[in-house]
Amino acid sequence: MPPPERIPPRGLTDAERMTLLGKGELTVLGQVRGASNAVLYCSVAYEGEQTHCVYKPVVGEQPLWDFPDGTLAQREVAAYEVSEATGWGLVPPTVLRDGPYGQGMCQLWIEAAPQGEDEPGLLALVEDEEPAEGWKAVALAEVGEGKTALLVHADDPRLRRLAVLDAVINNGDRKGGHLLPAPDGRLYGIDHGVTFNAEDKLRTLLWGWAGEPLPAEAVEVLDRLAGELEAGAALVTRLGELITAAEIGALRARVAGLRATGLHREPSGGWPAIPWPPV
C-alpha cells in the first residue's frame with residue numbers, strides 16, 4: 001500500500017534512523033493486505049523526527065513446521081545485520097522492538113521508485129528462447145494455453161549483490177515483489193522471515209548467474225564476512241540473540257562454500273528452486 005503522505009527522516013545518519021525505529025512511538029495507520037502474516041503500516045516519531053515503517057508483530061506470525069526455532073521477526077533482523085556486515089546495505093534499517101501488539105520487527109518503509117513506461121524493469125517474461133543483451137535467463141514459465149515464456153532478470157550489479165546475500169542467508173523466498181528500487185538508485189530486498197535455516201532452502205528468482213564466477217567485490221565481501229563470523233566476533237554475538245547456534249554454524253559453512261568454489265550458487269535439486277507465486 002502506498003503511504004498517504006511521505007514523511008522522510010531529514011538528514012539522519014544510519015545510527016539515528018535505527019534509534020528512531022527502535023525508540024520512536026509507533027502509530028498503526030493500516031495493514032498491508034495479501035501477506036500471509038500480519039504486516040502493519042505505521043508512522044514512528046521520536047524527538048521531533050518522524051517517518052513511516054513496517055511493523056510485523058510476532059503474535060501475527062503463522063507457525064512454520066520447517067522453521068520451528070525463533071521467529072520470523074528475529075530472522076528479519078538477522079538478515080539486516082548480515083547485510084550491514086557486507087557493506088552493501090541491501091536490507092532497509094530493521095530493529096526488534098515492542099509495539100502496539102507486542103514484540104515484532106520494525107523496518108524503515110521504502111517507497112519504491114515508479115517505473116517509467118520505457119524503463120525495462122528488473123524482471124520480465126519474453127517470448128525469445130535466449131535472453132537479450134543485458135538480461136539473464138532464469139527458467140521457462142508456463143503462461144497458459146500450453147504456452148511458455150522465458151523468465152529473465154536484469155544483468156544488474158545490484159541484483160547480483162542480492163543474489164550473493166541470498167545465498168549467504170539461505171533465503172527461501174526471494175520473489176519479484178521483494179525487490180524495491182528506491183528513488184536514489186539503491187535497490188533493497190525485503191521480507192526475510194524464512195532465512196538462515198540450517199538445511200538448504202534457497203529459493204529465488206535470481207538464478208541468472210548460477211555457476212558463474214563470483215565478481216571480485218563479492219569475493220572480498222565474503223572474505224571479510226568470514227572473519228566477522230569467527231567465534232566471539234561482535235556479529236556472531238548479535239546473531240546469537242536472533243538465530244540458533246546450528247543456524248550460525250550453517251551460515252559459516254555457506255560462506256566457506258562460496259569462498260571455496262568462487263562461484264554463484266546453483267540449485268541443489270533437492271528443493272524447489274523458484275518460489276511460488278514468483279511475485
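Described below are features of the structure shown in this document. (Residues numbered from 1 in each chain as written. Predicted model: local features only at pLDDT ≥ 70, side-chain atom pairs only at ≥ 80, totals over all residues. Heavy atoms only, no water.)

If you walk through the whole model with that rule in mind, you get 13 salt bridges. The closest approach of N and O atoms between Asp 166 and Arg 174, which form a salt bridge, is 2.7 Å. On the basis of relative accessible area, Arg 174 is assigned to the buried category, the value being 1%. Linking Arg 238 and Glu 241 is a salt bridge whose minimum nitrogen-to-oxygen distance equals 2.6 Å. One connected set of salt bridges, linked through shared partners, spans Lys 56, Glu 76 and Asp 191. (Salt bridge = Lys/Arg side-chain N within 4 Å of Asp/Glu carboxyl O. Buried < 20%, exposed > 50% of the residue type's maximum accessible area, 1.4 Å probe, protein only.)

This brings us to empty space enclosed by the protein. Per the stated rule, a full pass over the model turns up 2 cavities of 30 Å³ or more. Looking at the lining of the largest cavity element by element, the count peaks at 4 residues for helix H3 (residues 157-169). Residue classes in the lining of the largest cavity are distributed as 10 nonpolar, 2 polar and 2 charged. If you add up the space inside the second largest cavity, you get close to 30 Å³. Lining the second largest cavity, in full, are Val 82, Thr 86, Val 164, Leu 165, Val 168, Val 221, Leu 222 and Leu 225. Those elements that place two or more of their residues in the lining of the second largest cavity are helix H2 (72-86), H3 and helix H4 (216-228). (1 Å grid on protein atoms, 1.4 Å probe; cavity = no way out; pocket = protein on both sides within 12 Å on 5 of 7 lines; lining within 4 Å. Points joined across faces, edges and corners; volume = space filled by probe spheres on them. Helix = DSSP H or I, 4+ residues; strand = E, 2+ residues; numbered from the N terminus. Nonpolar A, V, L, I, M, F, W, Y, C, P; charged D, E, K, R; others polar.)

This paragraph deals with the sheet that holds strand E3 (residues 49-57). Reading across the sheet, the 5 strands line up as E1-E2-E3-E5-E4 and stay open at both edges, with antiparallel pairing between neighbours. Looking at the sheet topology across the chains shown, the edges are occupied by strand E1 (25-31) and strand E4 (94-99). Ignoring which end each strand starts from, the neighbouring axes of this sheet average 40 degrees apart. Across the sheet, helix H1 (residues 14-23) lies against E1, strand E2 (40-46), E3, E4 and strand E5 (102-108), angled at about 25 degrees from E4, the strand it touches most. (Pairing = 2+ DSSP bridges. Axes fitted to C-alpha atoms, helices over the stretch in contact; angles between N-to-C directions. Contact = heavy atoms within 4.5 Å.)

Further remarks concern the pairing of strand E8 (residues 147-154). Counted residue by residue, E8 has 6 buried out of 8 residues, so it is predominantly covered. Pairing of strand E6 (residues 123-126) with E8 involves 4 bridges; the strand directions are antiparallel. Along E8, the bridge assignment pairs Val 126 with Leu 150.

What follows covers the environment of Leu 258. Relative to the elements of secondary structure, Leu 258 occurs in helix H6 (residues 245-261). Residue classification places Leu 258 among the buried residues on the basis of a relative accessible area of 5%. Each residue touching Leu 258, except ones within four places of it in the same chain, is listed here: Ala 167, Val 168, Leu 214, Leu 222, Leu 263 and Arg 265.

Each α-helix turn comprises 3.6 residues. Residues three or four places apart therefore point the same way. Between its first and last C-alpha, H4 extends 19 Å over 13 residues, near the 18 Å set by a 1.5 Å rise per residue. Taken residue by residue, H4 has Ala 218, Val 221, Leu 222, Leu 225 and Ala 226 as its buried positions. Relative to the axis of H4, the buried residues are bounded by an arc of 140 degrees and lie together on one face. Relative to its buried face, H4 has exposed residues pointing more than 90 degrees away, namely Ala 216 and Glu 220. Lining the buried residues of H4 we find H2, H3, helix H5 (234-239) and H6. (Expected span 1.5 Å × (residues − 1). Arc of directions from axis to C-beta.)

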